[in-house]
Amino acid sequence: MAQKAEIDSRRADFGANEWLVDELYEQYLRDPSTVDPAWWDFFEGYRPLAPGSEATGGAEPAAPAPAPDGAPLATAP
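Not measured: the values here are computed from a predicted model.

### Here we look at the overall build of the protein
Thought 1: Looking only at helices and strands, the protein features three helices and zero strands.
Thought 2: Listing every helix and strand of the protein by position from the N terminus yields α-α-α.
Thought 3: Relative to its full complement of 77 residues, the protein shows a buried share of 17%.
Thought 4: Considering only residue pairs separated by 6 or more positions, the protein has 38% of its internal contacts joining residues 24 or more positions apart.
Thought 5: Summing over all exposed atoms, the protein offers an accessible surface of approximately 6,200 Å²; the carbon and sulfur share of this is 58%.

Structure, rendered in structure tokens:
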């Protein structure tokens, strides 16, 4: 359990760059030799968080603003 706490605290340090770590992790999963060996120990116990989980603040994406009267509603890509 101590290892999980360590990983959670290290993850919190990434802040807005967490997406970059997640991309690096995906690269590590495909081929560890393409990632700096300094990351290998970290990635052995790393699991990306699901969107909206506790470590990301649990925030859901903001809802789009209502369209002005008579304007068509925009759809997300």
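### Observations concerning the nonpolar core
Thought 1: Within the largest apolar cluster, eight residues are counted, these being Phe14, Val21, Tyr25, Tyr28, Val35, Phe42, Phe43 and Tyr46.
Thought 2: The element that contributes the greatest number of residues to this core is helix 2 (residues 18-30), accounting for three residues.

### Some points on the packing of aromatic side chains
Thought 1: Under the counting rule described, the total for this entry stands at 11 aromatic pairs.
Thought 2: Members of the aromatic cluster, each reached through a chain of ring pairs, are Phe14, Tyr25, Tyr28, Trp39, Phe42, Phe43 and Tyr46.

What counts as what
Residues numbered from 1 in each chain as written. Predicted model: local features only at pLDDT ≥ 70, side-chain atom pairs only at ≥ 80, totals over all residues. Heavy atoms only, no water. Helix = DSSP H or I, 4+ residues; strand = E, 2+ residues; numbered from the N terminus. Buried < 20%, exposed > 50% of the residue type's maximum accessible area, 1.4 Å probe, protein only. Contact = heavy atoms within 4.5 Å. Areas by Shrake-Rupley, 256 points an atom, 1.4 Å probe, with all protein chains shown as cover. Core = buried A, V, L, I, M, F, W, Y, C linked by side-chain atoms within 4.5 Å. Phe/Tyr/Trp six-rings, centres within 6.5 Å; stacked < 30°, edge-to-face > 60°.

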